[in-house]
Amino acid sequence: DPEHLKLAVKNHCAYLLVLQNEDTCVSRKDVFDYEKAKKAILNVSLVITNAPIKDRSYEVPVTKLYPLFEKFGKVALVKYHYEEYQSQKKKGQPNHHKPLGEAFVVFTGKKGMKNASADLISKEGSNPKETLPLKDTELKIVTMKKWLDEREKEATCNDDTDETGNQKRKRDIPEYKIDWKPGYVLRITGLPKECDREAILSAIESYNEVLGGPLYVNYSRGQKDGAIHFKEPKKKTIKEICKKLKRGEIKVLDDKVDDADLLKGKEEMKYWNDFIELKKEITEKRFTQTSQRKKRKSGDSRARGSKSE
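Residues numbered from 1 in each chain as written. Predicted model: local features only at pLDDT ≥ 70, side-chain atom pairs only at ≥ 80, totals over all residues. Heavy atoms only, no water.

Caption draft 1: Region of the structure containing the overall build of the protein. Scanning the protein from N- to C-terminus turns up nine helices and 16 strands. Residues counted as buried form 33% of the 309 residues belonging to the protein. Sequence-distant contacts, at least 24 apart, represent 63% of the contacts inside the protein between residues at least 6 apart. Approximately 21,100 Å² of the protein is accessible, and the part contributed by carbon and sulfur atoms is 49%. (Helix = DSSP H or I, 4+ residues; strand = E, 2+ residues; numbered from the N terminus. Buried < 20%, exposed > 50% of the residue type's maximum accessible area, 1.4 Å probe, protein only. Contact = heavy atoms within 4.5 Å. Areas by Shrake-Rupley, 256 points an atom, 1.4 Å probe, with all protein chains shown as cover.)

Caption draft 2: Structural detail: the environment of His97. Inspection of the secondary structure assignment puts His97 in strand 7 (residues 96-107). Assessed through its relative accessible area of 46%, His97 is described here as partly exposed. Taking the C-alpha atoms as reference points, His97 and His81, separated by 16 residues in sequence, lie 9.2 Å from one another.

Caption draft 3: Examining unusual backbone geometry more closely. Within the chain, Asp55 stands out as a residue other than glycine whose phi angle is a positive 55°. Residue placement: Asp55 occurs in the loop between strand 4 (53-54) and strand 5 (57-58). On the basis of relative accessible area, Asp55 is assigned to the exposed category, the value being 67%. The phi dihedral of Asp254 falls on the positive side, at around 65°, and the residue is not glycine. Take Asp254: it is sitting in the loop between helix 8 (235-247) and strand 16 (259-262).

Caption draft 4: Focus on a negative patch on the surface. A grouping of Asp33, Glu35, Glu152, Glu281 and Glu284 is seen on the molecular surface, where their side chains present a negatively charged patch. Secondary-structure assignment places Glu284 in helix 9 (residues 265-308). (Patch = residues over 30% accessible without salt bridge, like charges linked within 9 Å, V, L, I, M, F, W, Y side chains within 5 Å. Salt bridge = Lys/Arg side-chain N within 4 Å of Asp/Glu carboxyl O. Lys, Arg positive; Asp, Glu negative; His and termini not counted. Charge placed at Lys NZ, Arg CZ, Asp CG, Glu CD.)

Caption draft 5: Spatial organisation of helix 8. The first and last C-alpha atoms of helix 8 sit 18 Å apart over 13 residues, in line with the 18 Å expected at 1.5 Å per residue. Among the residues of helix 8, Thr237, Ile238, Ile241, Cys242 and Leu245 are the ones counted as buried. Along the axis of helix 8, the buried positions cluster into a sector of 140°, meaning they face one direction only. The exposed residues of helix 8 that point more than 90 degrees off its buried face are Lys236, Lys239 and Arg247. Buried residues belonging to helix 8 abut strand 13 (185-189), helix 7 (208-211) and strand 16. Positive phi appears at Gly248, one or two residues downstream of helix 8, with a value of about 90°. (Expected span 1.5 Å × (residues − 1). Arc of directions from axis to C-beta.)

Caption draft 6: Quick look at the nonpolar core. One finds Leu46, Ile48, Leu65, Phe69, Val105, Phe107 and Ile141 to be the most contacted residues of the largest nonpolar core, which totals 26 residues. For this core, the secondary-structure elements that each account for two or more residues are strand 3 (45-48), helix 3 (66-70), strand 6 (75-85), strand 7 and helix 4 (110-120). If you tally residues by element for this core, the top one is strand 7, at five residues. In terms of nonpolar packing, the next biggest core, distinct from the first, is built from 24 residues, Ala203, Leu215, Phe230 and Leu245 among them. (Core = buried A, V, L, I, M, F, W, Y, C linked by side-chain atoms within 4.5 Å.)

Caption draft 7: Region of the structure containing the side chain of Asp196. In this fold, Asp196 is placed in the loop between strand 13 and helix 6 (197-203). The exposure class of Asp196 is buried, given its relative accessible area of 17%. Among the polar contacts listed, one links the side chain of Asp196 to the backbone nitrogen of Glu198, at a separation of 3.3 Å. Setting aside residues up to four positions removed in sequence, Asp196 forms contacts with Tyr219 and Arg221. (Polar contact = N/O pair within 3.5 Å; in protein donor to acceptor, adjacent residues only side chain to side chain.)

Caption draft 8: Region of the structure containing the packing of aromatic side chains. All told, the structure shown has seven aromatic pairs when counted by the stated rule. Between the aromatic rings of Tyr58 and Tyr80, the centroid separation amounts to 3.7 Å while the plane-to-plane angle is 5°, which identifies the pairing as stacked. Taken together, the residues Tyr58 in strand 5 and Tyr80 in strand 6 connect sequence positions 22 residues apart. Residue Tyr80 is classed as buried on the basis of its relative accessible area of 8%. An aromatic cluster is defined as three or more aromatic residues linked by ring pairs; in this entry it consists of Tyr216, Tyr271, Trp272 and Phe275. (Phe/Tyr/Trp six-rings, centres within 6.5 Å; stacked < 30°, edge-to-face > 60°.)

Caption draft 9: Structural view of a positive patch on the surface. Together, Lys235, Lys239, Lys243 and Lys264 line one region of the surface with positive charge. With respect to the secondary-structure elements, Lys235 resides in helix 8.

By themselves, these figures tell us nothing about what the structure is for.
Here is the structure:
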């Protein structure tokens, strides 16, 4: 209901969101900053590393975990950690969720995090001041920062063991490379807030055949600026697109953009360096996640083997 949406934004979320498209949709006031958000979450989050599991399910409902931590401060979220997988025998069926024996606890502020850390986390080899019992288990708790550091270290170490216990060398993280050439990037500034990649591509789709087919758009929702990567440096056509964007003859979602220009020299070099660094981060993250999944599967197969023996 648009009216309910309008009231919700104005009365509760006006500091975060703005109404768009005649009050029928919302968008962020500020561009989402992943690094800033990640840092904020790390500063108020703990991880339970040995949540009890029984019959392939968590033994205790997640709602029972809230009271254990609310005495330290207001808790925003407690969430169990699962690994998603699909049964090979039932391809096409919904994915299953395997409990990993971990839970994330997020406080609303740093005070609750500070109080809980002081009492629940051991320091310099000593036992914590307090332990939290859950069923027949004393919960082991670490900060999310430490938990992430340990996972990253585990996934990127040079040596690992195979299923027989022998050491083997892990694959190196694949290096992201791109052989860029000058004159291939058009930067657009002042894009509308509700813009997306498809809207930018749609604005210049009449040039697809001349430019060699669909183009790559470097853009994330909420950003004011974006870029188009051309397959060939057809300067005459690109200059024509630039002029039409500047004049408003080509619009994005019926809006005129602020500016459009072909990157050159140091600006173009900086753009490609930033683009390559971002792609490297994404590649490393995917590699780390894949390594962790493989390690868990390997550990599960060893455990099954030892039980069968």
